[in-house]
Structure formats: C-alpha cells, structure tokens
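Architecture at a glance
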Amino acid sequence: MGTKAELLNGKQYAAAIKEEVAQRVERLKSETGIKPCLVVVRVGADPASEVYVNSKVRTAQDLGITSEHRHMPAETSEDELLAVVLELNEREDVDGILVQLPLPKGINESRILEALDPQKDVDGFHPVNAGRLSQGEPALVPCTPAGIIDMLKRAEVQLSGADAVVVGRSNIVGKPMALLLIRESATVTVCHSRTKDLAGVCSRADLLIAAVGVPGLITADFIKPGAVVIDVGMNQLEDPEEAKGFFPDDQLAKRLRTIEKRGSTLVGDVNAKAAMEKASLFTPVPGGVGLLTVAMLMKNTVEAAIKRRATRGAANSGG
Ligand code: GUN
C-alpha cells in the first residue's frame, strides 16, 4: 500500500503561534511597559527535562519574554522547593511559574503544584485551573492539549460532532484533552490500560489522539481509513528489527542510522508506517506535537501576565 497521509507539521504551526505571541509581547511593552516574565524551576539532573527546560527558556527569550531558570540539586527537599514556589508566588515581576516534571522521588508533586498561585500556573496543572476547565470557565489550560486544539483549528479539522478517541488519561494530556474536545462539541471517548477492545474503539475514531507512552501501540487495525491521528508519545526505540515494521520505507534508512549511532531513535505511540498508510493527517515524532507545547507555554505566559496585572490594577485602583 502506498503512503497517503499528509503530515501536520508541528514546526510550522508552532512558528505561527510564536509569531503571534511575539507581536502581543511587543504591543504590551509599547502600550503598557509590561514585559512578561516566566520562571522555570527544575530539580535534579534528568537529561530529558534539561533539554525541555532549555528550550522553554530560550524560546521565551526569543519572543521578548523575560525568563529565569532556577536549577536546584537532586537532594532538594520538598519544603525547600515549596519555599521557592512561595517566593515566586510573591514576586510582583513574575507572571508565570513552571515546575518541570517529573520531580525527584520523595517530593510530593501534588503538594508542590497545589502551592502555585493559580494565576501564575502557566502549565494549567493547579486544581483551580483544572476545575475551571472542566466547568467550561476561562482558565490556564495545559499546553500540550491546548496546542493540539490550536493546530487542529488552524488545519481546519472539523471538531464539532467528530468522534474523538483519546488514549491515555493523564492529568497533563489525556484528561484536559478530553475536556477541550468536549468544549469543541466533539463526541469524546477516553481509553486507558483497562479498556476492552482498544483497537475496536480506536478504529471508530475520526480523530485519534494517542498519549500513553507505549511505542507503536497504535497499529493499522486501530486506525479508521482517513482518520486524523495525533501522536503525543515520546519514546525511545532501540531495536533495529522493530524499527523495520515501524517506519515507512522513505524514513527507514535514516532511522536505522540514528539507532546505530546513538543507540535509539525517538518514536511516538503510533506506528508511523500504519498511520502514513491509513490516516488523512498525521503528526510525526519528532516534529509534531512537542513543538506546540513550548509555543503554547509562551501564549499562556503572556495571557497570565495580562490577566494578573489587570486584576491587580483594578484591585489597586478600587479604593
Ligand atoms: N514534563 C513533561 N511535560 C511537561 C509539561 O508540560 N510541563 C511540566 N511542568 N513538566 C512536564
């Protein structure tokens, strides 16, 4: 069977979002003198987190947003991290706070996330923001699902009335993704590790979103012909034999070279060969959803700055 899916180019959609953010930052500065500020907190030496955080800090700077990287040692205690969060909550110049996950073992993530000022919670992980999203109220929304909705709208994918299936129920992607799709009037099914007949459920989806962290879980029988398939997975594939069934012919040689050189290659939750043969639109890994997440973080930071400073202005002038 020949290749027929069109690729949704995350880099191109992320560039469009970043361009709009840069213009808003510029306007905000010239009209009000406000320069938004993002602080990213990282604890320990997880190599993937280091790459993500560096990308977030660099992108902010590129768009005219002030950014700070607080790197704390792996031995940091929960109380020490909590003290940093509380200090950043109090800082008038800080608009957005992001605590990079995962945190080292022994630190209670929920306790840290719940301590964040919801108005500065640019990840949208605080229960106040999660609750507001579930009630259809304005909120800071988690960046990956928000970026996916933004891209689908720009690509003019019909969401209203679409049968959408989300595989994965995490607080970071699966659950907020489902809520955002409901807001767009899609009919939403959320699947997870206990779902019976996962392939059968997925194969009825007009829009299939995979966010489980299982390399290549989504194979040809999971994909309805012509479906839009969004791959949120970020996994390492090491086995060259497995790679042979994973990639379309035109990508395989390059992927095998990467495995030979680095020991592994970055793949998603979707078998790329199957998606290219059956889907109408497909997000590649890398080059798909990952880039949107960072772009939406910048958008959330500017929105947080505008909203918080407007509220504070109103509170100050209220008499
Ligand atoms: N780790 C993986 N993805 C994310 C994210 O979107 N935000 C934070 N804070 N940590 C992450």
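Here's a quick rundown of the structure. (Residues numbered from 1 in each chain as written. Predicted model: local features only at pLDDT ≥ 70, side-chain atom pairs only at ≥ 80, totals over all residues. Heavy atoms only, no water.)

Take the sheet that holds strand β2 (residues 37-43) next. Strands sit in the order β3-β2-β4 across an open sheet of 3 strands; the sheet is parallel. Each end of this open sheet is capped by a strand with a single partner; those strands are β3 (66-72) and β4 (96-99). Here the average twist between neighbouring strands, direction ignored, is 15 degrees. Pairing geometry for β2 and β3, over 7 bridges, is parallel. From the neighbouring strand, V39 faces β3, where its bridge partner is E68. Here helix α2 (residues 47-62) sits on the sheet and contacts β2, β3 and β4; the angle it forms with β3, its principal contact strand, is near 160 degrees. (Pairing = 2+ DSSP bridges. Helix = DSSP H or I, 4+ residues; strand = E, 2+ residues; numbered from the N terminus. Axes fitted to C-alpha atoms, helices over the stretch in contact; angles between N-to-C directions. Contact = heavy atoms within 4.5 Å.)

The final tally for this structure, using the stated rule, is 1 aromatic pair. Here the aromatic rings of F246 and F247 are separated by 5.1 Å at their centres, their planes lie at 40 degrees, and the arrangement is tilted. A relative accessible area of 4% places F246 in the buried class. (Phe/Tyr/Trp six-rings, centres within 6.5 Å; stacked < 30°, edge-to-face > 60°. Buried < 20%, exposed > 50% of the residue type's maximum accessible area, 1.4 Å probe, protein only.)

Within the secondary structure, N9 is located in the loop between β1 (6-7) and α1 (10-32). Spatially, the C-alpha atom of N9 lies 9.6 Å from that of L291, the residues being 282 residues apart in sequence.

For the rest of this paragraph, the subject is the side chain of H126. Topologically, H126 is positioned in the loop between α4 (109-115) and α5 (127-134). Excluding anything up to four places from it in sequence, H126 contacts L113, E114, L116, P118 and D121.

What follows covers the site of the ligand. What surrounds the ligand is the set L98, V99, Q100, L101, D123 and F125. Contacts to the ligand include D123, whose side-chain N or O atom sits 2.6 Å from a nitrogen atom. Coverage of the ligand by the protein chains reaches 80% of its 280 Å² of free accessible surface. The pocket occupied by the ligand, as judged from atoms lying within 2 Å of grid points, is the largest pocket. Looking at side-chain class alone, the shell around the ligand contains 4 nonpolar, 1 polar and 1 charged residues. (Near = heavy atom within 4 Å. Polar contact = N/O pair within 3.5 Å; in protein donor to acceptor, adjacent residues only side chain to side chain. Areas by Shrake-Rupley, 256 points an atom, 1.4 Å probe, with all protein chains shown as cover. 1 Å grid on protein atoms, 1.4 Å probe; cavity = no way out; pocket = protein on both sides within 12 Å on 5 of 7 lines; lining within 4 Å. Sits in = over half its atoms within 2 Å of the grid points. Nonpolar A, V, L, I, M, F, W, Y, C, P; charged D, E, K, R; others polar.)

What follows is about the pairing of strand β5 (residues 163-167). In terms of residue burial, β5 counts as a mostly covered element, since 4 of its 5 residues are buried. The pairing of β5 with strand β6 (residues 187-191) spans 5 bridges and is classified as parallel. Each bridged residue has a counterpart across the sheet, and for A164 the counterpart in β6 is V188. Crossover connection from β5 via helix α7 (residues 174-183) to parallel β6: handedness right-handed. Direction of pairing for β5 relative to strand β7 (residues 207-210): parallel, over a ladder of 4 bridges. Bridged to V166 within β7 is I209. (Right-handed = clockwise from strand over helix to strand, strands pointing away.)

This paragraph deals with the sheet that holds β7. Pairing is parallel in the open sheet, where 6 strands are placed in the order β1-β11-β8-β7-β5-β6. The strands lining the two open edges of the sheet, one partner per strand, are β1 and β6. In the packing of helix α6 (residues 143-154) onto the sheet, the strands contacted are β7 and β8 (228-231), and the crossing angle to β8 comes to about 150 degrees. Strand contacts of α7: β5, β6 and β7, with the helix running at about 170 degrees to β5, the strand carrying the most contacts.

All right, on to the environment of V43 then. For V43, the location among the structural elements is in strand β2. With 56 residues separating them in the primary sequence, V43 and V99 have C-alpha atoms 8.4 Å apart. Setting aside its immediate chain neighbours within four residues, V43 contacts M72, P73, T76, L81, L103 and P104.

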